[in-house]
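Understanding the architecture of this molecule
Residues per chain, in single letters:
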Amino acid sequence: MAAATAQTWSDSPSQVGSDAPEYSIPSLFTSDPPIRDTLETGSSRVQDATLDECLPFLTGYQHSECNAHGLPHLDRGRHINFLHKQLGKLPGAFTSADPSRPWFFYWCLAGLSLLGEDVAPYRERLIETVRPMQNALGGFAGGFGQTSHLATTYATVLALALVGGDEAYDVVDRRAMWRWLCSLKQPDGGFQMALGGEEDVRGAYCASVIISLLNLPLDLSPDSPACSAGHTGLFTGLAEYVRRCQTYEGGVSAKPGVEAHGAYAFCALGCLSIIDSPHRAIPRYLDVPLLISWLSSRQYAPEGGFSGRTNKLVDGCYSHWVGGCWPLIEAALNGPRGAAANPGDHPLPRAMESLSSRDGLIRYILSCCQDQSRRGGMRDKPSKYSDAYHTCYVLSGLSAAQHKWDLVTPRAHESIVAGDVWTVSPYMEGEQIFDEEDRVCTVHPVYVIPQHKVEEIQSYFATKSGF
Amino acid sequence: MPPKSKGSSKAPNPEPKEPLHLHPNLIADLSPSQAAPESPLPQTVSLRSEQRFFRTNPCEKRRQDVGLSGLTPAEKKTYTYTHLILPVANRHVPLSNKAEREFWKHVTKEGLPIRRLPANYSWGKDRSGRDIGTYSPDELEQRTLKHARLTALQIQHRQFLSKRELAAKKQGAEVSSEDIEEEKKRRQTMAALKRDLYGEITGTLAKDPEWDDVIPIPQDEPEGALAQIAYPDDYAEAVSYLRAVMAADECSPRCLRLTEHVISMNPAHYTVWLYRFKIISVLKLSIPDEITWLNQVALSNLKNYQIWNHRQLLMDYYYPVIEEETAVIRTLARSETAFITTMLAEDAKNYHVWSYRQYLVGKLSVWTSSELGSTQNLIEDDVRNNSAWSHRFYLVFSDPTDSTAGSGPTEHDPKVPDSTIDREIKYAQEKIALAPQNQSPWNYLLGVLAKGGRKLATVQEFVEQYVSALGEEMEEVTSSHALDLLAKVYQENGDTEKAALCLRRLSEKWDPVREGYWKYRATLLQGAVESA
């Protein structure tokens, strides 16, 4: 563990004041990084300001109550309350969220599930709310009378899966959905976010999640714009499109040729893990060592959290976008558990230990990302307000840091889009720095909703191979 | 109403002595002076109703105060008779003819109120949720007058509409401009009245005769919908009209104005942007005009990204039109770059701006030294601006004249001239020297070496400047990225032991938060040995 080593090597004094309570915090997470350049630029100024902002929280100084490791507890009740409120009536200041309301359904229901709440009581209300958002020509829009969009469709399908039940699943018009996805598929293999909208890796991920949860046919309808390039299926050329988005830094960009960005790394890995089992698809299409190098560079000390790009600041939401990459990367490196050896798909050695500092991330999340006022919710960093988006993705990142996922059995054949069997267990290596009451529930590493919710919706639609 | 029984027909004055008004709605015309002199003037309409209730229900107040048993026999009789009026009238109480005659005779004689107000009359609530019962009588009168006024205006409004319809069918007189002016004023007054009385949405569109033929489609939202937003009235109105014209697939100048209206209130509304582009292409509107307008919107909405997809759609649409005119393309590229520079001055790492810039370079073939120079300026401003470094990489290694189409970002591309590789290595090294712990130029350097198919050892000497006495007591490292690259250099040289030392020191001292990664890198070294 990084923490244990840090204590042994460091001789620099911890910044915890002499009157502060004695917490066991490795100095790695309380002091300036070992190397700092003197040249000042815009980037270094905001980075320094972020350190100043986070250190009082990281040292425990800012918290009224901490455990022996200097960490405040997870303010579960307040976060639950915050998420319930975000699903209720919202004031006019939320008007800019008018085109993205389905995201609120997903963020809040996923966040509540991570906090151990039963979200099934929202079933009826969710069904009635999303019904007018579905368009006859397929897909769900951000709201009634708007154009269907892959992001809001993704969020709606996941929200329906979260509340569960046949009635919820049956809201989706699968035939129209399939036709609409065919119309979004592009000649270069990727997906547009909406008809006439932008094409990026989000589209690749959202489309593959929707297709694999609803068990949609993979054939391409003959009027799809992708047919002109010889594509015959929704997934043909998709992995190659994702491959083109890996950059010289090793990370993944929104579209080929731009800057690597954490959110797109997760989308790329998620998409590939749907196209085929991660130990086959990820090494086949991405330069894994370079990707790991870039992902690992996203973690900063003393903050402990992840940034989204080189020389950008830590932000709680990357706890998921970058933190959520690690289970998929580990599955890619380790392959199915219990297999005699790597099945020869790639020459990379297994990852025996965690590739990132789980403790660092847990520290950043519990110390810096919780709004500990009555408002509750999780945030980007201490100077920012909490919101549903950050609450969902910070909690998802916390869950990934607290647990270990293993791919047990890969799908029977690479041509089917479901069937990978995963197991999850609490991460047990080293001393646990958070109290057991602060453990959150788990979500599927690809779909980011509880594993049994994925199984339930997939088995419901498994019986419907046509429409 | 009492039946025309013999008793009542004989009664000389079937109405009670007191002035009584039956339905509370009709009370409005009852001036307070007509109230019984002993009652104080009521402050509110519900107090007034209460007074009237007691006046039309004799002995009710007394009964409430002293109870039924406390009443005098005469009061008790009055009270009972009053309460029997309705049952007797409706024949719920069977009386002999004689008894009935006696009953009505008594009622008439005493002047008992035949029709009475019910207790606790509910006045309902107004649009702001205030109980109308708490209005003063004056306020209620004003409200009633407004209702009457609105009704009158609605009649005139309907007359205007039918006149205009007839005129359109050439069956009636033309609608004069005075008529239109009058109608405009009328609608403003009606809108104000409706807003006042019912809180009804009456934004600019409902008042605007141009939108008369459109029936807005309001938000279809079930009771208890999740994350329901309390939209401001003008926004709710505008998107209701938007839904209507989109459903009708109308692409007209007024729709273009409507999209602008919606965008001004909510630029994140992706649907309105896609619709706007459709209108522009259907009406074949001027793209330069649209770009000028868009610049203003973009500057006041720095974080918005719908703007950039719209801009890209405009370029895709416009490019084939000007494809042949090199000068026009060059001017357009210059003005676009100038605008991008303005946007980046506000936020030098704005992802959407850089994505658009990358798109523009490919679309308009801006593989120019001035584009490189302008990107370089941003690196000079902030050598840690990784977006600028990424754009530089794209500019240098995707230029179709000097690169292989489809070459991956980490692939060796023999088509890239050696001089370019040399220049880029030198540039990265200069920038590393300014701030060695800045990862951007290190990543860039590795990328350039891969493109050039150069051995990492070619930069070994440069890298070693930042690491001295490794593993010794006087160990000095001024860049963890140098140590990282050095590990790769040693690995390439086959010196796995030294490579392992670099990784160990990174893990122990120079970048310990990435300990797990450095340890994994060490296992990669072993893999290399085994496979060697």
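Right above here is the structure, for reference.
From a predicted model like this one, the values you see are computed outputs, not experimental measurements.

What counts as what
Residues numbered from 1 in each chain as written. Chains lettered and ligands numbered in written order. Predicted model: local features only at pLDDT ≥ 70, side-chain atom pairs only at ≥ 80, totals over all residues. Heavy atoms only, no water. Helix = DSSP H or I, 4+ residues; strand = E, 2+ residues; numbered from the N terminus. Rg over C-alpha atoms; globule rule 2.2 N^0.38 Å. Contact = heavy atoms within 4.5 Å. Areas by Shrake-Rupley, 256 points an atom, 1.4 Å probe, with all protein chains shown as cover. Lys, Arg positive; Asp, Glu negative; His and termini not counted. Charge placed at Lys NZ, Arg CZ, Asp CG, Glu CD. Expected span 1.5 Å × (residues − 1). Buried < 20%, exposed > 50% of the residue type's maximum accessible area, 1.4 Å probe, protein only. Phe/Tyr/Trp six-rings, centres within 6.5 Å; stacked < 30°, edge-to-face > 60°. Axes fitted to C-alpha atoms, helices over the stretch in contact; angles between N-to-C directions. Parallel < 35°, antiparallel > 145°, perpendicular 65-115°, else oblique. Left-handed = near helix turned anticlockwise from the far one by under 90°. Nonpolar A, V, L, I, M, F, W, Y, C, P; charged D, E, K, R; others polar. Buried area = accessible area lost by both parts, 1.4 Å probe. Salt bridge = Lys/Arg side-chain N within 4 Å of Asp/Glu carboxyl O. Polar contact = N/O pair within 3.5 Å; in protein donor to acceptor, adjacent residues only side chain to side chain. Core = buried A, V, L, I, M, F, W, Y, C linked by side-chain atoms within 4.5 Å. Patch = residues over 30% accessible without salt bridge, like charges linked within 9 Å, V, L, I, M, F, W, Y side chains within 5 Å.

Quick look at the overall build of chain B now. Of regular secondary structure, chain B possesses 23 helices and two strands. Whereas a compact globule of 532 residues would reach a radius of gyration of roughly 24 Å, chain B reaches 43 Å, over 25% beyond that. Contacts spanning at least 24 positions in sequence make up 61% of the contacts within chain B whose residues lie at least 6 apart. Taken as a whole, chain B presents about 26,900 Å² of accessible surface, with 53% of it coming from carbon and sulfur. One finds the centroid of the 67 positive side-chain charges in chain B at a distance of 13 Å from the centroid of its 73 negative side-chain charges.

Residues and elements named next belong to chain A. Relative to the 16 Å expected for 12 residues at 1.5 Å per residue, helix α18 (residues 451–462) spans 16 Å between its end C-alpha atoms, a close match to the ideal helical length. Residues Gln-451, Lys-453, Val-454, Ile-457, Gln-458, Tyr-460 and Phe-461 constitute the buried set of α18. Each element contacted by the buried residues of α18 is listed here: α6 (150–163), α7 (166–169), α8 (174–184), α9 (201–214), β1 (403–409) and β2 (421–426).

Residues and elements named next belong to chain A. Considering all chains together, one arrives at 39 aromatic pairs over all chains under this definition. Residues Phe-94 and Phe-104 carry aromatic rings whose centres are separated by 6.0 Å and whose planes lie at 75 degrees to one another, so their mutual orientation is edge-to-face. Highlighted residues: Phe-94 in the loop between α3 (76–86) and α4 (101–114) and Phe-104 in helix α4, separated in sequence by 10 residues. Using a relative accessible area of 23% as the deciding quantity, one classes Phe-94 as partly exposed. Judged by relative accessible area, Phe-104 falls into the buried class, the value being 8%.

What follows covers the environment of Ile-85 of chain B. Mapped onto the fold, Ile-85 of chain B is located in helix α4 (residues 73–89). When neighbours within four sequence positions are excluded, Ile-85 of chain B is seen to be in contact with Phe-103, Trp-104, Val-107, Leu-112, Pro-113 and Ile-114 of chain B.

Okay, the packing of helix α9 (residues 233–247) of chain B against helix α11 (residues 270–283) of chain B next. For any two helices packed against each other, the geometry comes down to the angle between their axes and how far apart the axes lie. All names here are of chain B. Here α9 crosses α11 at 45 degrees, and the two axes come no closer than 12 Å. Judged by the inter-axis angle, α9 sits oblique to α11. For α9 against α11, the interelement crossing comes out left-handed. Contacts from Leu-242, Val-245 and Met-246 of α9 reach α11 at Thr-271, Val-272 and Tyr-275. Tallied by class, residues from the contact of α9 with α11 come to five nonpolar, one polar and no charged.

Bringing the interface of chain A and chain B into the picture now. Facing 88 residues of chain A, the contacting portion of chain B comprises 73 residues. In total, chain A and chain B occlude about 6,500 Å² of area from one another, counting both sides; carbon and sulfur atoms represent 56% of this. The largest contributions to the chain A side of the interface with chain B come from Ile-35, Phe-144 and Tyr-248 of chain A, which together make up 13% of the buried area. In this assembly, chain A and chain B are joined by one salt bridge. Put simply, Arg-101 of chain A and Glu-221 of chain B hold a salt bridge, and the shortest N to O gap is 2.9 Å. The tally of links between chain A and chain B comes to 47 residue pairs in polar contact (both at pLDDT 80 or more). Mapped onto the side of chain A that touches chain B, the elements with two or more residues apiece are α1 (2–9), α2 (42–58), α4, α5 (123–130) and α13 (288–297) of chain A. In terms of residue count, α13 of chain A provides more of the side of chain A that touches chain B than any other element does, six residues in total.

Next up on the list: the environment of Val-416 of chain B. Relative to the helices and strands, Val-416 of chain B is located in the loop between α17 (386–397) and α18 (418–434). Not counting residues up to four positions away in its chain, the partners in contact with Val-416 of chain B are Phe-397, Asp-402, Ser-403 and Ile-421 of chain B.

Let us now look at the nonpolar core. Ranked by size, the top nonpolar core spans 256 residues in total, and within it Tyr-106, Leu-150, Met-177 and Leu-181 of chain A together with Leu-445 of chain B carry the most contacts. Counting residues in each nonpolar core, the second largest holds eight residues, with Ile-85, Ala-89, Val-107 and Ile-114 of chain B among its members.

Our focus in this paragraph is the side chain of Arg-298 of chain A. Residue and element names in this part refer to chain A. The residue Arg-298 is located in the loop between α13 and α14 (318–321) in this model. The side chain of Arg-298 is buried and forms no salt bridge, while Glu-249, the nearest opposite charge, is found at 6.0 Å. Once residues within four sequence positions are removed from consideration, Arg-298 is found in contact with Gly-305, Phe-306, Ser-307, Gly-308, Arg-309, Thr-310, Asn-311 and Val-322.

This brings us to a negative patch on the surface. All names here are of chain A. Taken together, the side chains of Glu-124, Asp-166, Glu-167 and Asp-170 present a region of like negative charge at the surface. Here Asp-170 shows up in the loop between α7 and α8. Looking at Asp-170, the relative accessible area reads 45%, which means it is partly exposed.

Here we take up a positive patch on the surface. All names here are of chain B. Residues Lys-77, Lys-98, Arg-101, Lys-105 and Lys-109 make up a contiguous surface patch of positive charge. If one sorts the elements of the positive patch by residue count, helix α5 (residues 97–110) sits on top with four residues. As for its position among the elements, Lys-109 is in helix α5. Judged by relative accessible area, which is 63%, Lys-109 ranks as exposed.

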